[in-house]
Every structure is written in C-alpha cells, then in structure tokens.
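Report on the structure
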Amino acid sequence: MTGERIVAVTMPKWGLSMQLGKVTSWIVAEGDEVGVGDELADIETEKIAGTLEASDAGTVRRIIARVGEDVPVSGTIALIAPAQISDAELDAAVEQARAVIEAGVPDDAGGGPEVQTADVGGRKISYAGVGEEGDVVLLIHGFGGDKNSWLFLQEPLAARHRVYALDLPGHGASAKDVGVGDPAAVLAGAVTGVLDALGADRAHLVGHSMGGAVALAVAVGDPGRIASLTLIAPSGFGPEINVGYLRGFADAQTRRELKPVVGQLFADQSLVTRQVVDDLLAYKRLDGVDQALHTLLGVLLDGDTQRTDSAAALAAIGGAVPVGVVWGAVDSVIPAAQAQSVTGAVRHLVDGAGHMPHMERPGQVQAAIEETIARAR
Amino acid sequence: MARSITYREALNEALAQEMERDESVIVMGEDNAGGAGSPGEQDAWGGVLGVTKGLYHRFPGRVLDTPISESAFIGAAIGAATAGLRPVAELMFVDFMGVCFDQIYNQAAKFRYMFGGKAVTPVVIRTMYGAGLRAAAQHSQCLYPLFTHIPGLKVVLPATPYDAKGLLIQAIRDDDPVIFFEHKALYDLSGPVPEESYALPFGEANVVREGEDATIVTLGRMVHVALSAADQLAGEGVQCEVIDLRTTSPLDEDTVLESVEGTGRLVVVDEAHPRCSIATDISALVAQKAFGALRAPVEMVTAPHTPVPFSGALEDLYMPDAQRVANAVKTVTGWTR
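Nothing here was measured: the structure is a model prediction, and the numbers come from that model. (Residues numbered from 1 in each chain as written. Chains lettered and ligands numbered in written order. Predicted model: local features only at pLDDT ≥ 70, side-chain atom pairs only at ≥ 80, totals over all residues.)

Another aspect to go through is the overall build of chain A. The number of helices and strands found in chain A is 11 helices and 18 strands. Residue pairs at least 24 apart in sequence account for 67% of intrachain contacts in chain A once pairs closer than 6 positions are excluded. (Helix = DSSP H or I, 4+ residues; strand = E, 2+ residues; numbered from the N terminus. Contact = placed C-beta atoms within 7 Å.)

What follows is the structure, given as structure tokens:
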C-alpha cells in the first residue's frame with residue numbers, strides 16, 4: 001500500500017541489455033484507482049513488448065511519460081499517491097522525473113549484471129545473476145528457450161533474492177553439445193555445475209516446461225541441496241503434449257515457418273513480435289543447435305506422447321521439498337489439467353496465459369514463486 | 001548477441017571459423033598473404049581493405065598471394081574447387097571481373113549442369129562493389145546484375161555485419177559457385193554478431209522494417225539508405241516496409257510479393273544502373289505476379305545510365321540517397337488515377 005507517500009511507477013528493466021523503453025499506450029488514466037497486479041501501460045523495448053503491472057495500490061495522480069517517448073530504465077513514468085499529497089508536491093516530483101527522461105541514458109549506465117560462464121564437464125555453461133543478498137534462486141528455461149526468457153521476472157525477484165538464470169546445454173550462449181548417451185543427465189549436470197560455480201549449498205529452483213523436469217532431476221539427485229521447487233507448466237506430468245509445436249519448433253527453417261509455431265506459446269499473439277521470432281531464428285541457425293534440439297526431442301517424446309515421468313521423480317523426492325506449480329489456463333503446449341498430477345504441490349492457475357505465463361503474467365508468477373520460497377523457511 | 005563487431009571483422013571471423021572447421025577451405029587473392037615473396041615475418045596486408053588480415057599466420061600454407069592476374073588465379077580457384085578444395089578467392093574490385101569472365105560464367109557456372117549434376121564447384125569469389133570512395137569509373141561499379149543473369153551462379157550482397165558472417169559461411173559451405181559482393185562503404189559498419197558459427201540460407205529476404213503504406217525492396221548498402229528514408233517518412237505518418245533481398249540469385253519472390261500484396265505500392269532502390277538491373281527485375285516480377293495488388297505505378301530509384309563520375313560533387317549526385325527514396329515513396333503513396 002502506498003500509505004502517505006508518493007510511489008513512483010518506473011520503467012522496468014526487461015532483459016540484460018535493456019537501457020531504454022517506451023510506453024506504447026497507457027491503460028490507466030490520471031485519477032484511476034489501481035490495485036497490485038493491475039495493468040498500467042503497454043511498454044516496448046528494442047527486443048520485446050509487454051504490459052507493466054502495478055506493484056503498489058493507490059490512485060494514479062500523474063502520468064509523466066508520453067506515449068512513444070524513450071525513457072531510461074528506472075526513470076519515473078507515473079506517480080501513485082493518496083489524496084492528501086498536494087499538487088505542488090506532485091508537480092515537484094514530475095519535474096524531477098521529466099529531467100531524468102530528458103537526460104536520456106546516463107553514460108555510465110552498465111549493461112546490467114555480467115554474464116558469466118562455468119566449465120561443466122568440458123561444456124561452457126553461460127549464466128547471469130542479479131541481486132545482492134538473500135537465498136540463491138536459479139531459473140531454468142524450457143526447450144528452445146534461454147536465460148532471457150526470464151526477463152520480466154529476474155529483476156523483480158532480485159529485490160529479495162540472489163537470482164540467477166542459466167542457458168542449458170544446446171541453448172543460448174552455452175555449449176551446443178547435449179551428449180549422446182543421456183542428454184537429460186547432461187542438462188541436470190549443467191544446473192548442478194552452475195550451483196557449484198556459485199558455491200551454493202542450497203538453492204531454490206524454478207523450472208519452466210522441460211526446465212521443470214530438469215529441476216526435478218536435480219532435486220532427485222541431491223534433495224538436500226534444493227530448498228524449494230517452482231514448476232511452471234512442467235513437462236512429464238501426463239502423456240499429452242503438443243507434438244506439432246515441439247517438432248515444428250525444431251524443424252522450422254525460416255521466419256515464415258517459425259512464426260506460427262512460436263504463436264502457439266502465447267495466449268496474446270501480440271507478444272510474438274518480429275524481434276522475438278528473429279532472435280529465435282538466429283539462435284536456431286547457430287551451428288549445433290539443430291542437432292541439439294532434435295536430440296532433446298528424443299528425450300521429451302516417445303512417439304507422440306511425453307517420455308519424461310516427472311510424477312515418478314516427484315514421488316522419489318517424497319515431500320522433502322516444498323513444491324509449487326504454476327500453469328497458464330490456456331496453455332496449448334502442455335494442458336493445464338496436468339497440474340492435478342503434481343502431487344502435494346500448491347497450484348497456481350494463471351488466467352489468460354498460455355505456455356509462457358512468466359512472460360504473459362509475470363506478476364502472478366512472481367507471487368507464486370515467492371509463495372513457494374516462503375514455505376521453505 | 002550483445003557483442004558488436006564491424007562488417008570487416010564479421011567477414012574475417014567467418015573465414016577463420018570455416019578454415020578452422022574445414023581444412024579444405026583456402027583463401028587466395030592479391031595481397032591476401034602480405035605480398036609475393038614475403039617471408040611471412042610481418043602480418044599480412046590482408047587484401048586491399050584488410051578483410052583477410054591475421055589469417056596468413058593462423059593458417060600456414062592456406063592463405064595464398066596471387067600475381068596481379070585475375071584471369072589466372074580465378075581460373076585456378078575454380079579448378080581447385082572442382083578438384084576438392086573450397087577456395088575463397090578475393091578479386092579486389094568487381095570492375096576487374098571482365099578479364100576472367102570465361103572462367104566464371106562459361107566454366108564454373110556450367111559444370112554442374114554439363115556433367116549431369118556429378119560435378120560441383122564450391123568456389124567463393126569475394127569482391128568489392130559500389131560508389132562513394134572517390135574511386136571513379138573503373139573501381140566503383142555495381143555489376144551484380146550481370147552475375148544474377150547467369151544460371152549456375154549464386155549472388156550474395158550482405159548489408160549488415162550479422163548477414164555478412166552468416167552469408168559468407170553459407171557461401172563457403174555451398175557446393176555451387178558464389179559471387180559474394182561487399183560494399184566498400186560498409187566495412188566499418190558495426191552491429192551485433194554471435195561469436196559462434198551460423199549459416200544464413202540463400203534465397204531468404206529479410207524484412208528489416210514492417211509497414212503498411214509502401215514496400216521498399218532494396219539490397220546491399222542501399223538497405224541503409226532506404227531505412228533512413230523510412231525513418232524520415234515515419235515522422236510524416238507514412239509507414240514503409242523495407243525488404244533486404246540479401247541474395248539476388250536465388251531470389252526470394254514470395255517475401256516481395258506478399259509485402260506488395262499488403263501495401264499495394266512498390267519502390268525498388270538499387271545502386272546499379274537502371275537498365276537490366278535488380279530494379280527492373282523486381283518491377284517486372286511484381287507487374288507479372290502481383291499486378292492486381294498494385295495501387296500505383298512502380299517507382300525505381302537507381303543510379304543513372306552513366307559511368308560513375310570522377311568528380312566528387314557528381315558522384316554524390318550519382319548515388320541514390322534517402323531524399324530520392326522518400327520522394328519516390330511519396331509519389332507512389334500520393335498517386336491518383
């Protein structure tokens with residue numbers, strides 16, 4: 001709650017390279033009452049478009065950033081304040097905020113956290129962290145994703161935790177070789193290797209889709225090390241999966257082929273921007289990626305159904321670790337009904353989200369992660 | 001993709017990574033290795049504008065200096081390709097290609113066809129093109145339409161550092177002869193380029209900007225001129241779709257036609273002369289296959305049908321610029337019957 005002070009709504013930092021963003025439309029107007037999680041504005045960066053949600057409740061007293069204007073990350077774009085704050089006080093705050101926007105990106109603005117690499121069994125594993133204190137939280141992306149898929153979540157979570165995101169083998173900036181014998185073990189080994197590199201004896205794991213199964217495999221291997229598990233649309237909790245999506249993603253050679261496939265990830269098709277598709281295509285064209293994705297298809301699929309048995313992995317942990325499961329209600333890659341098979345977990349169903357709730361409704365997913373982490377204490 | 005390097009560095013990295021990956025890749029050309037008879041104690045000149053710098057010491061015996069005899073060394077590169085190597089030959093300026101035309105269009109381009117698909121000629125000929133360097137009539141031409149005309153050759157014109165690396169890697173891995181055009185004015189252009197190897201497929205145009213009011217089809221350095229015009233027009237409320245062809249042979253017809261079907265208006269921007277050019281080729285394609293979608297006559301922005309002038313003032317007027325492109329877009333968007 002805002003209490004008796006002015007709360008600044010600021011330009012979020014979505015992704016390590018983001019320095020500027022612009023409001024493409026305001027969803028709220030001056031005078032509107034907003035609650036936590038309410039949508040405030042549509043925001044666009046060079047890389048991605050998203051919706052900014054309110055992290056405080058109160059009255060929107062001033063809207064500062066004009067539509068289409070470049071605003072540096074963390075620059076104030078609106079003010080939320082209670083009625084007793086005077087117009088003069090607000091105007092002074094607006095003046096300060098305008099000066100920041102006019103000044104643009106400061107010359108000493110860093111590119112965010114340094115991307116680091118660990119050598120895990122001869123493979124280069126890339127990861128990036130933010131946050132000064134608190135428990136280690138490690139974010140594990142899904143099939144074909146990378147550490148940037150957490151761009152809406154990593155900074156907000158870092159207010160209370162040390163939050164790392166890695167690129168699994170075969171993905172992002174990590175080595176593209178996923179091994180031939182047991183690729184699933186190679187992926188789990190990369191997660192353990194990053195925890196080793198961080199010197200983390202204990203960590204909270206957050207895994208999306210295939211990354212959920214990877215998180216479970218890590219927990220089975222060393223349950224004492226894992227403080228909590230948040231599984232977002234995890235693979236392996238039922239036979240059914242959209243094989244058209246998986247094979248389509250692995251096989252797509254052109255933007256024309258890839259775009260409709262990527263569309264299946266999201267409920268809101270406006271998130272499938274040209275930049276998102278181009279970035280995925282650039283990734284898919286790196287040497288070794290095609291082979292890695294097709295090898296991993298063999299790990300994920302047995303014919304047209306899921307090969308992974310995450311329910312068995314969860315049973316093997318035997319309730320020793322708090323588990324939360326998050327699912328987009330309109331997930332068209334893995335059906336949300338499979339959340340019922342995540343025995344013993346607290347379930348969070350995210351309305352209006354597809355297979356990427358952490359990109360479509362980051363506020364709700366953040367709350368679910370915090371809830372799971374809190375149960376570990 | 002956070003790392004930014006120049007077009008020149010991207011080409012150098014593509015050569016180095018392919019030489020590392022495949023021993024059959026060799027590099028040859030004038031001054032590529034540091035001058036004939038060089039003991040190799042000093043770093044190579046690296047070709048006329050330094051693209052192959054550093055490769056001579058890194059890959060001993062695989063970077064060859066050639067005499068100033070294009071007909072001889074282009075012929076040698078083509079012969080080596082038929083015999084199992086993957087040569088990347090640098091022919092300083094495309095303007096000099098005339099002296100080795102038989103080797104290129106009557107030999108390399110024909111082998112696959114004449115030998116029933118049993119012969120491959122995986123040669124890459126890298127060459128510089130384009131005006132803007134005050135190099136006058138014999139060192140400034142845009143002769144890519146000549147090569148586009150010949151079946152059996154692939155013709156590539158990267159516009160950005162990212163495309164330069166990915167298209168050169170594809171050119172080296174490709175089993176057909178590829179003429180690879182590098183614009184002199186692009187070598188110092190910086191942009192994001194992955195450190196890892198990647199190949200960009202031929203025949204896939206790049207929609208570098210989306211818009212609904214007019215389509216600008218362009219290539220090579222003119223991509224940046226078109227983007228600058230599109231930025232200016234966006235300020236006036238006109239949204240242009242800008243298509244970078246990336247390769248003129250093979251040609252991505254679908255991307256051009258789909259865009260024009262959406263906008264109904266076409267401007268082609270080509271630094272080559274106006275006759276029998278990429279501009280006329282794209283105009284004919286659209287007239288033939290998307291006639292019903294056109295809501296205005298096609299506009300072409302090209303160099304004039306003259307040699308590139310020696311006078312700097314005239315050379316500046318010779319090259320298409322953003323203002324001419326913007327004017328052409330206004331002509332097609334403002335056209336009424």
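We now examine the overall build of chain B. A tally of regular secondary structure across chain B gives 12 helices and 14 strands. Computed over the C-alpha atoms, the radius of gyration of chain B is 20 Å, within 12% of the 20 Å expected from 2.2 N^0.38 for a compact globule of 337 residues. With the C-alpha coordinates of chain B rotated into their principal frame, the extents come out at 70 × 45 × 40 Å. Taken over 337 residues, chain B has a buried fraction of 51%. (Rg over C-alpha atoms; globule rule 2.2 N^0.38 Å. Buried ≥ 20, exposed ≤ 12 C-beta atoms within 10 Å, placed from the backbone.)

Residues and elements named next belong to chain B. What the domain assignment reports for chain B is domain 1 (4-192) and domain 2 (206-333). A C-alpha centroid distance of 27 Å is found between domain 1 and domain 2. Elements with a contribution of two residues or more to the side of domain 1 that touches domain 2: α6 (144-148), β6 (154-156), α7 (161-173) and β7 (178-183). By residue class, the composition of the side of domain 1 that touches domain 2 is 16 nonpolar, six polar and three charged. (Domains from an automatic or database assignment. Nonpolar A, V, L, I, M, F, W, Y, C, P; charged D, E, K, R; others polar.)

Residue and element names in this part refer to chain B. Cis geometry is adopted by the peptide bond preceding P250, which originates at S249 and carries an omega value of 0°. The backbone phi angle of A136 is positive, close to 65°, even though this residue is not glycine. Counting through the fold element by element, A136 comes out in the loop between β5 (124-129) and α6. One non-glycine residue with positive phi stands out, namely C276, at about 50°. Its 13 C-beta neighbours within 10 Å are what place C276 among the partly exposed residues.

The biggest cluster of nonpolar side chains holds 194 residues, and the ones touching the most others in it are L138 of chain A together with I216 of chain B. Ignoring any residue separated from it by four or fewer positions in sequence, one finds L138 of chain A in contact with Y164, L166, V191, V194, L195, A203 and L205 of chain A. In this structure, M11, V34, I43 and A78 of chain A belong to the second largest nonpolar core, which totals 21 residues. (Core = buried A, V, L, I, M, F, W, Y, C linked by C-beta atoms within 7 Å.)

The next thing to look at is the sheet that holds strand β11 (residues 136-140) of chain A. Either a parallel or an antiparallel arrangement is found when strands of a sheet pair, and the pairing is made through backbone hydrogen bonds. Residue and element names in this part refer to chain A. Strand order in the open sheet formed by eight strands is β9-β10-β12-β11-β13-β14-β17-β18, and the pairing between neighbours is mixed. On the outer flanks of this sheet lie β9 (115-120) and β18 (346-350), each paired with one strand and no other. In this sheet, adjacent strand axes meet at a mean angle of 20° when their direction is disregarded. Judged from the six bridges that link them, β9 and strand β10 (residues 123-130) form a sheet pairing that is antiparallel. Bridged to D119 within β10 is K124. (Pairing = 2+ DSSP bridges. Axes fitted to C-alpha atoms, helices over the stretch in contact; angles between N-to-C directions.)

Quick look at the packing of helix α3 (residues 183-198) of chain A against helix α4 (residues 210-221) of chain A now. How two helices sit against one another is set out by the angle between their axes and by the gap between those axes. Residues and elements named next belong to chain A. α4 packs onto α3 with a crossing angle of 75° between their chain directions and a minimal axis gap of 9 Å. As judged from the angle between their axes, α3 and α4 are roughly perpendicular. Counting all contacts with α3, which are made through A184, L187, A188, V191 and T192, the residues of α4 involved are V214, A217, V218 and G221. Looking at the contact of α3 with α4 residue by residue, the class counts come to seven nonpolar, two polar and no charged. (Parallel < 35°, antiparallel > 145°, perpendicular 65-115°, else oblique.)

All names here are of chain A. Domain annotation of chain A identifies domain 1 (7-103) and domain 2 (115-374). The distance between the C-alpha centroids of domain 1 and domain 2 comes to 31 Å. Taken together, the contacts link 10 residues of domain 1 with 12 residues of domain 2. Counted by class, the side of domain 1 that touches domain 2 contains four nonpolar, three polar and three charged residues.

For the rest of this paragraph, the subject is the sheet that holds strand β3 (residues 63-65) of chain B. Residues and elements named next belong to chain B. A sheet is described by the order of its strands in space; here seven strands give the open sequence β3-β2-β4-β5-β7-β6-β12, paired in mixed fashion. In this open sheet, the two edge strands, each paired with only one partner strand, are β3 and β12 (247-249). Adjacent strand axes in the sheet meet at a mean angle of 20°, parallel and antiparallel pairs treated alike. Taken together, the five bridges between strand β4 (residues 86-93) and β5 define a ladder with parallel strand orientation. When the sheet's bridge partners are listed, F93 is paired in β5 with M128.

This part is about the confidence of the model for chain B. On average, residues of chain B score 94 in pLDDT, and 96% of them are at 70 or above. Two numbers describe this predicted complex: its pTM, 0.85, and its ipTM, 0.87. (pLDDT = per-residue confidence, 0-100.)

Residue and element names in this part refer to chain A. Judged by how many residues are buried, strand β17 (residues 323-328) sits mostly within the fold: six of six residues are covered. Neither face of β17 is exposed, since V323, V325 and W327 on one face and G324, V326 and G328 on the opposite face are all buried. With four bridges connecting them, strand β14 (residues 226-232) and β17 associate as parallel partners. When the sheet's bridge partners are listed, L231 is paired in β17 with V325.

A separate point is the packing of helix α1 (residues 7-21) of chain B against α7 of chain B. All names here are of chain B. One can describe the packing of α1 onto α7 by two numbers: an axis separation of 8 Å at closest approach and a directional angle of 30°. With respect to α7, the element α1 is oriented roughly parallel. As α1 runs across α7, the sense of the crossing is right-handed. Side by side, α1 and α7 meet where Y7, A10, L11, E13, A14 and E18 of the first sit next to P161, A164, K165, L168, I169 and I172 of the second. (Left-handed = near helix turned anticlockwise from the far one by under 90°.)

All names here are of chain B. Its 15 residues give α1 an end-to-end C-alpha distance of 21 Å, which sits within 8% of 21 Å, the value for a rise of 1.5 Å per residue. In terms of burial, α1 is a largely internal element, 12 of the 15 residues being buried. Considered for burial, the residues of α1 that qualify are Y7, R8, E9, A10, L11, N12, E13, A14, L15, Q17, E18 and M19. Elements in contact with the buried residues of α1: β1 (4-6), β2 (25-29), α2 (55-58), β4, α7 and β7. (Expected span 1.5 Å × (residues − 1).)

The next subject is the environment of V28 of chain A. All names here are of chain A. Residue placement: V28 occurs in the loop between β2 (20-26) and β3 (33-34). In this structure the C-alpha to C-alpha distance between V28 and A41, which are 13 residues apart in sequence, comes to 6.9 Å. Residue contacts for V28: discarding those within four places in its chain leaves V34, L40 and V60.

Right, let's talk about the environment of Y7 of chain B for a bit. Turning to its location among the elements, Y7 of chain B is positioned in helix α1. Leave out the neighbours within four places in its chain, and Y7 of chain B touches P161, A164, L186, Y187 and L189 of chain B.

Another point: helix α8 (residues 289-300) of chain A. Residue and element names in this part refer to chain A. For α8, spanning 12 residues, the distance from its first C-alpha to its last is 16 Å, which sits close to the expected 16 Å at 1.5 Å a residue. By the burial criterion, the buried members of α8 are V289, A292, L293, L296, V299 and L300. Buried positions in α8, seen along its axis, are confined to an arc of 105° and lie on one side of it. (Arc of directions from axis to C-beta.)

Now for the environment of E182 of chain B. All names here are of chain B. Assignment of secondary structure puts E182 in strand β7. A sequence separation of 44 residues divides E182 from Q138, and the C-alpha atoms of the two residues are 16 Å apart. For E182, the residues in contact, after removing those within four places along its chain, are L11, R126 and M128.

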